[in-house]
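# A look at the structure
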Amino acid sequence: MLLEISEILSPLTDDPIIKVTALYRIDGVPIFAKVSERSGRILNLLYWLENQIKSSLYYIFTKMLDEVSFTYYNTEVRMFAVSRTLVLVLMIESEDCSSRYKLDIDVENVINCLRELVEWRD
C-alpha cells in the first residue's frame, strides 16, 4: 500500500517548489514523507506539525474548510483532509507562485486518488 501511496503522491513529490510532501494519520504519525530540502527550519517545522494535525483537522471538519494553511517565514504549509483519519501536508516555498494553478490541480487529483484508495481498502 505504501508503494501505491508513493505513486499517487509522485506529482507532488516531483514538483520542485514543494519542499515537503507528507501524509499523516490524525494522531500525527507520518505514513509517508518526502523532504526535498533538509534544513533545520524545515525539520523543526515538521516536528512541530506532528502535534498540530489533530487540532487542524478539528478546524477543517467543524468549520467545513477545504484546507488549513499558514506561512512560516517564506514557507507556506498547507494541510488538506483526505479522510476522517488522514491529512495531506505540503510545505511550499512562498516566493515561487508561477505554477500555483498547476499545483492546485495536482493537489485535487492526488486527494481524489487517495480517497479512492482509502475507500477501497476499508
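Residues numbered from 1 in each chain as written. Predicted model: local features only at pLDDT ≥ 70, side-chain atom pairs only at ≥ 80, totals over all residues. Heavy atoms only, no water.

What follows covers the overall build of the protein. Tallying secondary structure elements over the protein gives four helices and five strands in all. Mapped in sequence order, the helices and strands of the protein form the string α-β-β-α-α-β-β-β-α. At 13 Å, the protein has a C-alpha radius of gyration in line with the 14 Å of a compact globule built from 122 residues. Principal-axis analysis of the C-alpha atoms places the extent of the protein at approximately 40 × 25 × 25 Å. (Helix = DSSP H or I, 4+ residues; strand = E, 2+ residues; numbered from the N terminus. Rg over C-alpha atoms; globule rule 2.2 N^0.38 Å.)

Judged by nonpolar contacts, the single largest core of 21 residues is most densely connected at Leu9, Leu12, Leu23, Leu88, Leu90, Leu103 and Leu114. If you list the elements that add at least two residues to this core, you get helix H1 (2–13), strand E1 (18–25), strand E5 (86–93) and helix H4 (100–121). Not counting residues within four places of it along the chain, the set of residues in contact with Leu90 comprises Leu12, Ile18, Val20, Thr21, Glu76, Val77, Arg78, Phe80, Leu103 and Val107. Within the second largest apolar cluster, 18 residues are counted, among which are Tyr24, Ile42, Val87 and Val89. (Core = buried A, V, L, I, M, F, W, Y, C linked by side-chain atoms within 4.5 Å. Buried < 20%, exposed > 50% of the residue type's maximum accessible area, 1.4 Å probe, protein only. Contact = heavy atoms within 4.5 Å.)

Glancing now at the environment of Tyr59. Positionally, Tyr59 belongs in helix H3 (residues 53–62). Every residue in contact with Tyr59, bar those within four places of it in the chain, is listed here: Met64 and Leu65.

Attention shifts here to the sheet that holds strand E4 (residues 75–81). Taken together, five strands build an open sheet; the order of strands is E2-E1-E5-E4-E3 and the sheet is antiparallel. Sheet topology places strand E2 (30–35) and strand E3 (67–72) at the edges, where each strand pairs with a single neighbour. Adjacent strand axes in the sheet meet at a mean angle of 15°, parallel and antiparallel pairs treated alike. In the sheet, E1 pairs with E2 via five bridges, with the strands oriented antiparallel. Bridge pairing in E2 links Leu23 to Phe32. Packing of H3 onto the sheet brings it into contact with E1, E3, E4 and E5, and relative to E4 it is tilted by some 65°. (Pairing = 2+ DSSP bridges. Axes fitted to C-alpha atoms, helices over the stretch in contact; angles between N-to-C directions.)

Moving on: the pairing of E3. Consecutive residues of a regular strand have side chains that alternate between opposite faces of the sheet. Pairing analysis gives six bridges linking E3 to E4, with the strands arranged antiparallel. When the bridges of E4 are listed, Thr71 appears paired with Glu76.

Here the focus is the side chain of Lys19. Residue placement: Lys19 occurs in strand E1. A polar atom in the side chain of Lys19 sits 3.3 Å from the backbone oxygen of Pro16. The contact partners of Lys19, leaving out residues within four places of it in the chain, are Lys34, Val35, Ser36, Glu37, Ile42, Met91 and Glu93. (Polar contact = N/O pair within 3.5 Å; in protein donor to acceptor, adjacent residues only side chain to side chain.)

This brings us to the confidence of the model for the protein. For the protein, mean pLDDT is 84; residues scoring 70 or higher make up 93% of the total. Across the protein, the secondary-structure element scoring lowest on mean pLDDT is H3, at 77, and the one scoring highest is H1, at 92. (pLDDT = per-residue confidence, 0-100.)

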